[in-house]
Amino acid sequence: MSETPRLRIDDDTWLLVLTGAGVSAESGIPTFRDAGGLWEQHRVEDVASPEGFARDPALVWRFYSQRRAGMASARPNAGHRAIAAIEERLGDRFLLATQNIDALHKDAGSERVVELHGNLYTSRCTVCDRPPFEDREAYPDGKLPGCGQCSARGDFALLRPHIVWFGEMLDPADMDRVQDFLLAAERHRLVFLAAGTSGAVYPAAGFVDAARRLGGETWLVNAEPAANTSAFEHFVEGPSGTVLPALFAT
Ligand code: BV8
């Protein structure tokens, strides 16, 4: 593999990292759009959309319960650890926005994390105003989990994964956090690095355009060219578990 170009991180660098399913691939978690990926077994509309959930909630709960069960043995890889280490070095000049719903960034020690698409281990009630809560249960096939607060009142209300599905808005507070970081970074040396993402899903796939408009330096680390590779100044092709530690090396 050709020598990895050096990403300059200096005292004025503000680094925004965006990750996708590819950074968890080396931890054994299937991606969405690679061969054998999650979407191969399912139509996106059926398992990651509110319409699909309304049509067949048992199928959606089976899809997310399988992913919860599949995560049990997963551990962070060197890519996750490299991202946590650069956060340690940069402090509030760093922010991680992840499209991933697994816990591997937090398990690796990342703290300044925006979970753009939600969290696999969180559920919420489809009826009452109970805040989203931790739920690690991989429900048995066909089980439709109900809200404990609603059932205490004698009502059955279906739980849903606290996930942003296609056609659903991302949490405005999350988007504001990314936007505020970019605006604060404008007065400094902004670097935007995306890793392990096909660049297929918006609004995350548009972050590179926002970074460029603000004069930021842009990097893509991916196993193959992504849908928006041309928007990046630098493209380093390779596995994130190898490339990120090299790229962030002091
Ligand atoms: C929204 C659920 C407002 C959680 C997900 C037309 C134009 C523009 C936008 C739209 C449009 N029509 C509709 C939209 C909006 C839509 C969208 O972008 N659609 C796309 C498909 C066109 N977006 C939305 O609906 C978002 N909401 O915009 O609201 C709105 C509403 C309606 C209409 C317009 C606007 C909500 C988006 C969130 C959807 N939820 N998932 C879950 O189950 O996980 S998205 C899903 O895809 C996952 O969250 C995943 O994170 C995300 C992106 O996928 P990637 O992470 O990139 O994974 P992928 O498998 O694709 O790629 C992995 C990459 O890694 C590959 O390139 C591979 O080569 C690489 N790789 C593999 N191994 C490695 C590696 N790289 C490095 N190292 C390795 N070892």
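Details of the structure are given in the entry above.
The shown structure was predicted, so the numbers you read here are calculated from the model rather than taken from an experiment.

In this section: helix α9 (residues 172-185). Over its 14 residues, α9 runs 20 Å from end to end, which matches the ideal 20 Å to within 8%, given 1.5 Å per residue. Buried within α9 are the following residues: D174, V178, F181, L182, A184 and A185. Where α9 is buried, its residues contact β1 (13-19), β2 (94-98), β3 (113-115), β7 (189-195) and α10 (207-213). The opening residue of α9, the one whose side-chain oxygen lies 2.8 Å from the backbone nitrogen of A173, is D171.

Mapped onto the elements of the fold, D92 is located in the loop between α6 (78-90) and β2. When its relative accessible area of 53% is taken as the criterion, D92 is described as exposed. With 19 residues separating them in the primary sequence, D92 and S73 have C-alpha atoms 31 Å apart. Excluding residues within four positions of it along the chain, D92 makes contact with W14, R112 and F181.

All right, on to the sheet that holds strand β6 (residues 159-163) then. If you trace the three strands from one edge of the open sheet to the other, you get β5-β4-β6, paired in antiparallel fashion. The open sheet has two edge strands, β5 (133-134) and β6, and neither has a second partner. Where strand β4 (residues 118-125) meets β5, two bridges bridge the pair, whose relative direction is antiparallel. Counterpart to S123 in the pairing with β5 is F133. Contacting β4 and β6, helix α5 (residues 57-71) runs over the sheet at an angle of about 135° to β4.

All right, on to the pairing of strand β8 (residues 217-222) then. Burial runs high along β8: five of the six residues are buried. Across five bridges, the pairing between β7 and β8 is parallel. If you follow A195 over to β8, its bridge partner there is V221. This β-α-β element, β7 to α10 to β8, shows right-handed connectivity.

Counted by the stated rule, this structure contains six aromatic pairs. Joined through ring pairs, the aromatic side chains of F53, F63, Y64 and W165 make up one cluster. Its end group placed over the ring of Y121, R136 keeps NZ or CZ at 3.9 Å from the ring centre. Sitting above the plane of the W165 ring, R160 keeps its charged end 3.9 Å from the centroid.

Counting buried residues in β1 gives seven out of seven residues, a clear majority hidden from the surface. Across the two faces of β1 the burial is the same, with T13, L15, V17 and T19 and W14, L16 and L18 all buried. Pairing of β1 with β7, which is carried by seven bridges, proceeds in the parallel orientation. Residue T19 lies in a different strand from β7, and its bridge partner there is A195. Here β1 runs beside β2; their pairing, made up of five bridges, is parallel. Note that in β2 the partner of T19 across the bridge is T98.

Moving on to the sheet that holds β3. Working definition: the strands of a sheet are paired by backbone hydrogen bonds and lie parallel or antiparallel to each other. What the six strands build is an open sheet, ordered β3-β2-β1-β7-β8-β9; its pairing is parallel. At either end of the open sheet lies a strand with only one pairing partner, and these are β3 and β9 (234-237). Between one strand axis and the next, the sheet turns through 15° on average, direction left out of account. Helix α11 (residues 240-247) contacts β7, β8 and β9 of the sheet and is inclined by roughly 145° relative to β8.

Attention now goes to the site of the ligand. Lining the immediate surroundings of the ligand are 34 residues, of which R33, R67, E168, S198 and Y202 lie closest. Between the ligand and Y202, the relevant distance is 2.7 Å, taken from an oxygen atom to a main-chain nitrogen or oxygen of the residue. Residue A223 places a main-chain N or O atom 3.1 Å away from a nitrogen atom belonging to the ligand. Surface burial for the ligand is 77%, taken as the share of its 1400 Å² of free accessible area covered by protein chains. Secondary-structure elements contributing two or more residues to the shell around the ligand are α1 (22-25) and α5. Split by residue class, the shell around the ligand holds 16 nonpolar, 12 polar and six charged.

Analysis parameters
Residue numbering note: each chain is counted from 1, following its sequence as written. Totals for whole chains, interfaces and linings use all residues, but because this is a predicted model, local features are given only for residues with pLDDT of at least 70 and pairs of side-chain atoms are given and counted only at 80 or more. The side-chain values count all of the structure's non-hydrogen atoms but skip hydrogen atoms and water molecules. Helix and strand assignments come from DSSP, with helices taken as H or I runs of at least 4 residues and strands as E runs of at least 2, each series counted from the N terminus. Expected span of a helix, by definition, is 1.5 Å for each gap between consecutive residues, and there is one gap fewer than residues. Burial classes: relative accessible area under 20% of the type maximum marks a residue as buried, over 50% as exposed, and values in between as partly exposed (1.4 Å probe, protein chains only). Whether two residues touch is decided by their heavy atoms; if any such pair falls within 4.5 Å, the residues are in contact. Polar contact is the term for a pair of N or O atoms within 3.5 Å; when the atoms are in protein, one must be able to donate a hydrogen and the other to accept it, and sequence-neighboring residues count only if both atoms are side-chain atoms. Whether two strands pair comes down to DSSP finding at least two bridges between them. Here an axis means a line fitted to C-alpha atoms, over the contact stretch when the element is a helix, while the angle between two N-to-C directions is reported on a 0 to 180 degree scale. Whether a crossover is right-handed comes down to one check: with the strands pointing away from the viewer, does the path from the first strand over the helix to the second run clockwise; if it does, it is right-handed. To pair, rings of Phe, Tyr and Trp, with the six-membered ring standing in for Trp, must have centres within 6.5 Å; the planes then decide the type, stacked if under 30 degrees apart, edge-to-face if over 60, and tilted in the middle. Distance and angle both matter: a charge sits over a ring if NZ of Lys or CZ of Arg is within 6 Å of the ring centre and within 35 degrees of the ring normal. The rule for a residue being near a molecule or strand is that one of its heavy atoms must lie within 4 Å of it. Note that accessible areas follow from Shrake-Rupley with a 1.4 Å probe, and for residues the cover is restricted to the protein chains shown. Classification convention: Asp, Glu, Lys, Arg as charged; Ala, Val, Leu, Ile, Met, Phe, Trp, Tyr, Cys, Pro as nonpolar; all other residues, Gly among them, as polar.

Any link to function would need more than the numbers given here.
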